[in-house]
Amino acid sequence: MYLSHPVRRMRDDPLEAETAELRVEPVDDDARARLSDYVCSLGGSVERELQFGGVVVALDETNVSALCEFDGIERIETVDTLGY
């Protein structure tokens, strides 16, 4: 799984009381279907759907490491990368 540098920082050294907005790309439709429930179980939410099966999720930085453990993610980047 690819993690952008900012996501690795959030995973390894999360800031308390900060919300992360991340672009998550599941490996397939089955993983996408399970991802919403998993993000909600972490106290986060799926903010919007992106083209080609990606989603934008919002969750506390302290839960980024748990998101990274989800089986079925191809890549996680910050939402800021969408503008480039």
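For the structure itself, look to the data block above.
Residues numbered from 1 in each chain as written. Predicted model: local features only at pLDDT ≥ 70, side-chain atom pairs only at ≥ 80, totals over all residues. Heavy atoms only, no water.

**Some points on the overall build of the protein**
Phase 1 of the analysis: A count of helical and extended segments in the protein gives three helices and five strands.
Phase 2 of the analysis: Beginning at the N terminus, the succession of helices and strands in the protein can be written as β-α-β-α-β-β-α-β.
Phase 3 of the analysis: With respect to the principal axes defined by its C-alpha atoms, the protein has extents near 30 × 30 × 20 Å.
Phase 4 of the analysis: By residue count, 43% of the 84 residues in the protein fall in the buried class.
Phase 5 of the analysis: A sequence separation of at least 24 residues applies to 72% of the contacts in the protein between residues at least 6 apart.
Phase 6 of the analysis: A total of about 5000 Å² of accessible surface is found on the protein, and carbon and sulfur atoms cover 44% of it.
Phase 7 of the analysis: Between the mean site of the 8 positive side-chain charges and the mean site of the 19 negative ones, the protein shows a separation of 4 Å. (Helix = DSSP H or I, 4+ residues; strand = E, 2+ residues; numbered from the N terminus. Buried < 20%, exposed > 50% of the residue type's maximum accessible area, 1.4 Å probe, protein only. Contact = heavy atoms within 4.5 Å. Areas by Shrake-Rupley, 256 points an atom, 1.4 Å probe, with all protein chains shown as cover. Lys, Arg positive; Asp, Glu negative; His and termini not counted. Charge placed at Lys NZ, Arg CZ, Asp CG, Glu CD.)

**Description of the sheet that holds strand 3 (residues 45–49)**
Phase 1 of the analysis: Taken in spatial order, the five strands make up an open sheet running 1-5-2-4-3, and their pairing is mixed. With partners counted over all chains shown, the strands left at the sheet margins are strand 1 (2–3) and strand 3, one partner each.
Phase 2 of the analysis: The pairing of strand 3 with strand 4 (residues 55–60) spans four bridges and is classified as antiparallel. Within the sheet, the bridge partner assigned to Ser-45 lies in strand 4 and is Ala-58.
Phase 3 of the analysis: On top of the sheet, helix 1 (residues 5–12) reaches strand 1, strand 2 (19–26) and strand 5 (73–78); it is set at about 95 degrees to strand 5, its chief contact.
Phase 4 of the analysis: Sheet strands touched by helix 2 (residues 29–41): strand 2, strand 3, strand 4 and strand 5. Its angle to strand 3, the strand with the most contacts, is close to 140 degrees. (Pairing = 2+ DSSP bridges. Axes fitted to C-alpha atoms, helices over the stretch in contact; angles between N-to-C directions.)

**Looking at the environment of Thr-62**
Phase 1 of the analysis: Looking at where Thr-62 falls in the secondary structure, it is placed in the loop between strand 4 and helix 3 (64–68).
Phase 2 of the analysis: For Thr-62, a relative accessible area of 34% gives the class partly exposed.
Phase 3 of the analysis: If we skip the residues at most four places from it in the chain, Thr-62 touches Pro-14, Leu-15 and Glu-16.

**Overview of the pattern of salt bridges**
Phase 1 of the analysis: Summed over all chains, the structure comprises six salt bridges.
Phase 2 of the analysis: Residue Glu-61 is joined to Arg-9 by a salt bridge in which the shortest nitrogen-to-oxygen separation is 3.2 Å. Taken together, the residues Glu-61 in the loop between strand 4 and helix 3 and Arg-9 in helix 1 connect sequence positions 52 residues apart.
Phase 3 of the analysis: A salt bridge links Arg-32 to Glu-49, with the nearest nitrogen and oxygen atoms 2.2 Å apart. Of the two residues, Arg-32 sits in helix 2 while Glu-49 sits in strand 3, which places them 17 residues apart along the sequence.
Phase 4 of the analysis: Looking at Arg-32, the relative accessible area reads 15%, which means it is buried.
Phase 5 of the analysis: Ionic contacts of the salt-bridge type, sharing partners, join the residues Arg-23, Glu-25, Arg-75 and Glu-77 into one network. (Salt bridge = Lys/Arg side-chain N within 4 Å of Asp/Glu carboxyl O.)

Purely spatial values, then, with no claim about function.
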